[in-house]
Amino acid sequence: MKRYSCSSLKKLLSFHSLSLLSTPFLSLLFFFLLSCSPSGDPIHLNRFEQLLFDTPSGELRNVLIRDSALYNTPLLNCQPDDPEYMAYLRAFVSDPDIRYIYHKTDSLYHDLSWLESDLGTAMKKARELCPDIIYDRYYTLITADFESYDTRVFCYNRDLAISIDRYALPEMEERNFFLMPAYLVNLSTRDHILADCMSAVATDHITLPMGNLTLLDHAIFSGKILYFLDQTLPDVPDHIKLRYTPEQFDWMKENVENVWGAFIQKQLLFSTDKYELRNLIGDGPKTNAFGDGSAPRTCDYIGWQIVKHYMDNTNVSLADLFADTDSRKILNKSQWRPGK
């Protein structure tokens, strides 16, 4: 019996669709194509911001009490029985600037079925790699907190929440009421949501070394996250995973030997000096030591290469990788050096 791949069978359908429409073959074909389609675990995003802003003020408390089991998570801090909390919440949802943020955000992300599908597929892959990665509830919310770039995706216990307004910043620049530099605004788009979610999941499961972290510790930590993204988001471009522009990614690939050489020459690899390391591990439009046009967070790319080589050279599981805090051992066993 001749075997057909998904792609070849789709071509067959296009050539013979008229003759097949009235045959039992069509039913079999439907189920075959359905099995060829990528699928993940069903993910449902509970839209907390839509509930808050679309529910009449006089009904909000009763609705929150009715759904208290769903929204009872420290990530939302929902306390409908607390009069002070409800007074704050009503002031929050009636504030003109906050309502502007909500409407701008909802105009972009009213329908997040695409994210539910993509996130479900990624989480299924994550659980296949590490069965301990389980989340029961997923939320979106409006925080209107534009002072800290880190508050984008939160994980706690088995809940995950997305500050969805953080991904509408480019649409709100005309109001100029947030103090976010342009290079961070450009990372606050739809293209970054899925990678940020899976980065938060990885961060939630990685064990950090005790004490002050060295540059190598920071690099290996970031490398573990990026390796996880490689496994769970194979179709997401590398520059998105790294939160680089395409130009910064190209610069990093071309200059990795110079970056590594600077780390070694200046004896930075095992340094714990936060002042000395901050521009190598923190967000910015560039790395000052390497000048205009350079990539930020150069240690992230270095750590990514080390971890990839380490995983290629060992039989370590993802769970063991996440639990291992010996960065020096991971470097040595990776056998990675630029150009190799």
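Each value, and the rule that gives it
- Residues numbered from 1 in each chain as written.
- Predicted model: local features only at pLDDT ≥ 70, side-chain atom pairs only at ≥ 80, totals over all residues.
- Heavy atoms only, no water.
- Buried < 20%, exposed > 50% of the residue type's maximum accessible area, 1.4 Å probe, protein only.
- Helix = DSSP H or I, 4+ residues; strand = E, 2+ residues; numbered from the N terminus.
- Pairing = 2+ DSSP bridges.
- Polar contact = N/O pair within 3.5 Å; in protein donor to acceptor, adjacent residues only side chain to side chain.
- Contact = heavy atoms within 4.5 Å.
- pLDDT = per-residue confidence, 0-100.
- Core = buried A, V, L, I, M, F, W, Y, C linked by side-chain atoms within 4.5 Å.

Caption draft 1: Main features of the pairing of strand β4 (residues 159–163). With five of five residues buried, β4 lies mostly within the body of the structure. Side chains Asp159, Ala161 and Ser163 of β4 all project onto a buried face; the interleaved residues Leu160 and Ile162 project onto the opposite face, where all are buried too. The antiparallel hairpin formed by strand β3 (residues 153–156) and β4 contains two residues in its connecting segment, where asparagine 157 sits at a positive phi of about 55 degrees.

Caption draft 2: Region of the structure containing the side chain of serine 271. By the element assignment, serine 271 lies in the loop between α13 (246–265) and α14 (274–281). At 3.0 Å, the side chain of serine 271 forms a polar contact with the side chain of glutamate 276. Sequence-distant contacts of serine 271, defined by excluding residues within four places in its chain, comprise Leu213, Thr214, Leu215, Glu276 and Leu277.

Caption draft 3: How the structure looks around the confidence of the model for the chain. Taken as a whole, the chain shows an average pLDDT of 86; of its residues, 86% reach a score of 70 or greater. Counting interchain partners and residues more than four positions distant, the pLDDT-below-50 stretch residues 1–38 has 17 contacts.

Caption draft 4: Representation of the nonpolar core. The biggest cluster of nonpolar side chains holds 101 residues, and the ones touching the most others in it are Ile162, Phe228 and Phe263. At nine residues, helix α11 (residues 215–232) tops the list of elements feeding residues into this core. The contact partners of phenylalanine 263, leaving out residues within four places of it in the chain, are Leu215, Leu268, Leu269, Leu280, Thr298, Cys299 and Ile302.

Caption draft 5: Local environment of the pairing of β3. Of the two faces of β3, only the one carrying Val153 and Cys155 is buried; Phe154 and Tyr156 on the other face are not. By the bridge criterion, four bridges tie β3 to β4 in an arrangement that is antiparallel. Pairing of phenylalanine 154 across the sheet is with alanine 161, part of β4.

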